Amino acid sequence: MDNIQRQDRVHVTNDIVTLKKAYTVRCGYYEDEFVKYMISNETTLNEKDKEPTPAMISRGLYIRNFIFDDIVWRFLEETKGQGQIVSLGAGFDTRYFRLKASKSFRGLYLEVDLPKVVLVKLALIESNPNLKSFINDKQLEVNNNEKGPFLKSSDYFLIGLDLKNVSELTSVLLECGFTLTKPTLLISEFVLPFLEQECSSNVIQWSAETFPNAIFVSYDPIYPESSCMKAILSFIEKFGAPFKGCHYCPTPEDHIRRYTKLGWEKATTIDFLYIFYNVISEEERARIRNLSLFDSFEAFYLCSCSYIISYAFKGDMIKLLKSLKPSHVQYGSDREILACQTFSAKQASLVKLKSTDPSLIGRFAQLSVYVKERSEFLIYGGSDISGLFSNVLLLCTVNSEDDKPFVSLQVEECDTSGISPGPLKHGSLLMLSDDAFVLFGGLNKSEQAKSDVFLLKEKFKLFEWNRQETSKSPQPRWRHSANILKNTEEVDVMLVFGGRDSNGQPLGDCHILDLNNMNWKECKLLGNYPKPCHSHSTAVWRNTILMYGGILSDEKPTHKLYQATLKETSEVVFKELKTTPLLPAKCSSSSLVQGDRLILVGGAVWYPTEPDIIIVDLTDLKASFIQLQLPRESYLAVGTSCGLLSDKKRPSENDPDALNIISVGGGCDFSFDVNDETCFSSPVLIKLKI
């Protein structure tokens, strides 16, 4: 790809981000009265790019704007509004105009970007009095010569220059009246990842050598080998503008070492997740939560801890370092414990299974149940690869061949009759018997929570739906847990806990449904019971329920593990189980029980390096953490359908230390506005020898 083609592709990413920013501002995430003037008539985008911005992307843009505003205001306060700001790869950013509108900026502001981007921005400024009025017309100079397009005024400068030639900026700065020894803030908002390693290093080193009293602030991706970042890289590469330098600095520590090696005296980082939950106030987070019904927690956690803000300091500007909160040393007590207590399986392997129809099982938030005796998954609903809710019932059979056990997955769409529950996600599907199943709750495509109960009966691979009339139904909910237990009269009951209501608020109530007479009862909670939560994981052990993780009312995941016991008088007694070491905070894991072991597979975490599998010995509460060596293909073990395989012909069946886990479906909706199979979990067989 030649240079002109490369510039065209980067220009497209700038247009997309500008449109997303404009929509985010209209939704009330932050104020920017100027971004709407930056929508170019030359922008050529498909209709998908013009659709409303998903809430997760709006949150990311809000955090990005918040943290850059934060450092800009800290810098201006320190310099009494007279500092110098250099924005590298500024695109259609509007920060200069916002600062001028606030009447708090009296310094110099220079923006640099590719010549084509600058040409369009110049035209936008020239044609719009709402932008041009903030520029001093008496000294305004606009030109496009052999050195590239530029705009020069008394305090604002817009320069068309490829950062491959960053050394040429020194003379430009001097021509614009910059004093290199004055305090200077250099901003690089998602620019360095698009540059080759040598080029981005040259930018950092040139900045350190040019400005003795400066701050360099950059927005960068990390953990390129994580499943989340693989999906992001796949999306970015579709535009022909890949992250060329992402693998050079894969961790926050690598970024810190890079800056100090290239001439900066001090450096630190902070990730987006830490910014949102620890820097932004609870009052402000509550305002953001109320803007829309948010349902991308897993993707938000995984993406937000995969982006960092890097700060580098020199000279007098080092004093601002003390006012920052670097996340890489403030992960919290749980993280510190995990860093010292990690175990590995003696043998652990992950095998991607061949599937007869991979597109059918590419779903998020599906309802599923595993029939161990037949090695079959029954999967209903969820949202498919196009983002549409599904009402399709699937039967997924794990097939074995001679000397090649469990190497394929047969997927077929089931024939159904009766009135189905309709398109749903985040509900519960449980097995009553070999040929009968029960479905409860979920969220429909109109974003309405449900409390309906359906029975599903199978006869010769034909399935019939029947909606049940129940008494005293609990509040409609989704992202809840449901399990079948025996009550003291040996009657099957379904115990439901937590979830989210129709407004998205977490629930903390508990109900049981008598599956003989279909009567509901609300349970009284006793003991050390959980706070209201959703997206937790449950499994049945010795007729009690084990409940792990979940998301609390402040949107933070919890690390706690509980045991719930149903008593005779519709009372549920909870007990917190404290493992050694403590478990990480997770949501949307899959829980399995083998004997006296609790097996926790996947889930969304705050740190990409957390264990893929956790095994808890329920007799002594000792936990083992297993990190799998994942294949290059993405394996996003979030909300997957999991089961333990059983085959009496296999020698490992008699080995109590062997585990064979099948994982089907699930994944993470990253809201990247493209249909990308990297967002879904491939069906896999996980073989462990512990």
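That block above? That's the structure.
This write-up is about the structure you can find in this document. (Residues numbered from 1 in each chain as written. Predicted model: local features only at pLDDT ≥ 70, side-chain atom pairs only at ≥ 80, totals over all residues. Heavy atoms only, no water.)

1. Quick look at the overall build of the protein chain
Here's step 1: Scanning the protein chain from N- to C-terminus turns up 13 helices and 39 strands.
Here's step 2: Counting over 690 residues, the protein chain shows a buried share of 60%.
Here's step 3: Taking as baseline every contact in the protein chain between residues at least 6 positions apart, the subset at least 24 positions apart corresponds to 67%.
Here's step 4: Here the protein chain displays about 28700 Å² of accessible surface, and carbon together with sulfur accounts for 47% of that area. (Helix = DSSP H or I, 4+ residues; strand = E, 2+ residues; numbered from the N terminus. Buried < 20%, exposed > 50% of the residue type's maximum accessible area, 1.4 Å probe, protein only. Contact = heavy atoms within 4.5 Å. Areas by Shrake-Rupley, 256 points an atom, 1.4 Å probe, with all protein chains shown as cover.)

2. Points about empty space enclosed by the protein
Which parts of space are left empty comes out when a probe the size of a water molecule is rolled across the atoms.
Here's step 1: Tallied over the entire structure, the rule returns seven cavities of 30 Å³ or more.
Here's step 2: Taken together, 14 residues form the lining of the second largest cavity, with K21, Y30, N65, D93 and R98 sitting closest to its centre.
Here's step 3: When contributions to the lining of the second largest cavity are tallied by element, the ones reaching two or more residues are helix 1 (3-26), helix 2 (55-78) and helix 3 (95-102).
Here's step 4: In terms of residues, the lining of the second largest cavity owes the most to one element, helix 2, which gives three residues.
Here's step 5: Looking at side-chain class alone, the lining of the second largest cavity contains four nonpolar, three polar and seven charged residues. (1 Å grid on protein atoms, 1.4 Å probe; cavity = no way out; pocket = protein on both sides within 12 Å on 5 of 7 lines; lining within 4 Å. Points joined across faces, edges and corners; volume = space filled by probe spheres on them. Nonpolar A, V, L, I, M, F, W, Y, C, P; charged D, E, K, R; others polar.)

3. Observations regarding helix 3
Here's step 1: Residues of helix 3 that are buried: R95, Y96, F97, R98 and L99.
Here's step 2: Within two residues after helix 3, K103 carries a phi angle of roughly 60°, on the positive side.

4. Here's the deal with the sheet that holds strand 28 (residues 544-548)
Here's step 1: Strands sit in the order 26-30-29-28-27 across an open sheet of five strands; the sheet is mixed. Whereas interior strands pair on both sides, the edge strands pair on one side only; in this sheet they are strand 26 (524-527) and strand 27 (537-541). The sheet shows a mean angle of 30° between the axes of neighbouring strands, direction not considered.
Here's step 2: Pairing between strand 29 (residues 561-566) and strand 30 (residues 571-577): six bridges, direction antiparallel. Bridging across to strand 30, L561 finds its partner in L577. (Pairing = 2+ DSSP bridges. Axes fitted to C-alpha atoms, helices over the stretch in contact; angles between N-to-C directions.)

5. A short note on the packing of aromatic side chains
Here's step 1: A complete count under the given rule lists 31 aromatic pairs for this structure.
Here's step 2: Pairing F216 with Y259 gives two aromatic rings, centres 5.7 Å apart and planes at 50°, and the pair type is tilted. Pair noted here: F216 is in strand 7 (residues 214-221) and Y259 is in helix 9 (residues 252-261), with a separation of 43 residues, a long-range link. Assigned by exposure class, F216 and Y259 land together as buried.
Here's step 3: Ring centres of Y562 and F574 lie 6.4 Å apart, and the angle between their planes is 85°; on these two criteria the pair is classed as edge-to-face. Of the two residues, Y562 sits in strand 29 while F574 sits in strand 30, which places them 12 residues apart along the sequence. (Phe/Tyr/Trp six-rings, centres within 6.5 Å; stacked < 30°, edge-to-face > 60°.)

6. Side note on the environment of T184
Here's step 1: For T184, the location among the structural elements is in strand 6 (residues 184-189).
Here's step 2: With 32 residues separating them along the chain, T184 and F216 place their C-alpha atoms 8.6 Å apart.
Here's step 3: A distance of 2.9 Å separates a polar atom in the side chain of T184 from the backbone oxygen of K182. (Polar contact = N/O pair within 3.5 Å; in protein donor to acceptor, adjacent residues only side chain to side chain.)

7. Digging into the environment of Y370
Here's step 1: Along the chain, Y370 falls in strand 12 (residues 367-371).
Here's step 2: Judged by its relative accessible area of 15%, Y370 is buried.
Here's step 3: C-alpha of Y370 to C-alpha of L430: the two residues are 60 residues apart in sequence and 8.6 Å apart in space.
Here's step 4: A distance of 3.4 Å separates a polar atom in the side chain of Y370 from the backbone oxygen of L644.

8. Brief notes about the environment of L485
Here's step 1: In this fold, L485 is placed in strand 22 (residues 481-486).
Here's step 2: When the C-alpha positions of L485 and T544 are compared, they lie 7.4 Å apart, and in sequence the two are 59 residues distant.

9. So, the sheet that holds strand 23 (residues 492-497)
Here's step 1: Strand order in the open sheet formed by four strands is 22-23-24-25, with antiparallel pairing between adjacent strands. Each edge of the sheet is formed by a strand with only one pairing partner; in this case those strands are strand 22 and strand 25 (519-522). Within the sheet, the average angular offset between the axes of one strand and its neighbour, ignoring direction, is 25°.
Here's step 2: Direction of pairing for strand 22 relative to strand 23: antiparallel, over a ladder of six bridges. Residue pairing for strand 23: I484 is matched across the bridge by M494.

10. A look at the pairing of strand 20 (residues 449-459)
Here's step 1: Burial within strand 20 is extensive, with eight of its 11 residues counted as buried.
Here's step 2: Direction of pairing for strand 19 (residues 436-444) relative to strand 20: antiparallel, over a ladder of seven bridges. Residue pairing across strands places V438 opposite L455, the latter belonging to strand 20.
Here's step 3: Adjacent in sequence and paired antiparallel, strand 19 and strand 20 are bridged by four residues, among which E447 carries a positive phi angle near 60°.
Here's step 4: One ladder, built from seven bridges, connects strand 20 with strand 21 (residues 462-468); its direction is antiparallel. Bridging from a neighbouring strand, L456 pairs with W465 of strand 21.
Here's step 5: Counting the residues in the hairpin turn of strand 20 and strand 21 gives two residues, including F460, whose phi is positive at 55°.

11. A look at unusual backbone geometry
Excluding glycine, most residues fall at negative phi; most peptide bonds, likewise, are trans.
Here's step 1: P581 follows T580 through a cis peptide bond whose omega is -5°.
Here's step 2: Here P581 is to be found in the loop between strand 30 and strand 31 (586-587).
Here's step 3: The residue S375 is not glycine, and still its phi comes out positive at about 50°.
Here's step 4: Tracing the backbone through its elements, the reader meets S375 in the loop between strand 12 and strand 13 (376-380).
Here's step 5: Look at S375 and you get buried, because its relative accessible area is 7%.

12. Brief notes about the pattern of salt bridges
Here's step 1: With the rule as written, the count across this model stands at 31 salt bridges.
Here's step 2: In this structure, the salt-bridge partner of R285 is E282, at a minimum N-O distance of 2.5 Å. Pair noted here: R285 and E282 are both in helix 11 (residues 282-289), with a separation of three residues, about one helical turn.
Here's step 3: Taking relative accessible area as the criterion, R285 reaches 5% and is therefore assigned buried.
Here's step 4: For E282, a relative accessible area of 36% puts it in the partly exposed group.
Here's step 5: Within this structure, D32, R64, D69, D93, R95, R98 and E189 form a network of salt bridges that share partners. (Salt bridge = Lys/Arg side-chain N within 4 Å of Asp/Glu carboxyl O.)

Fair warning: the whole summary comes from geometry, so function is off the table for now.
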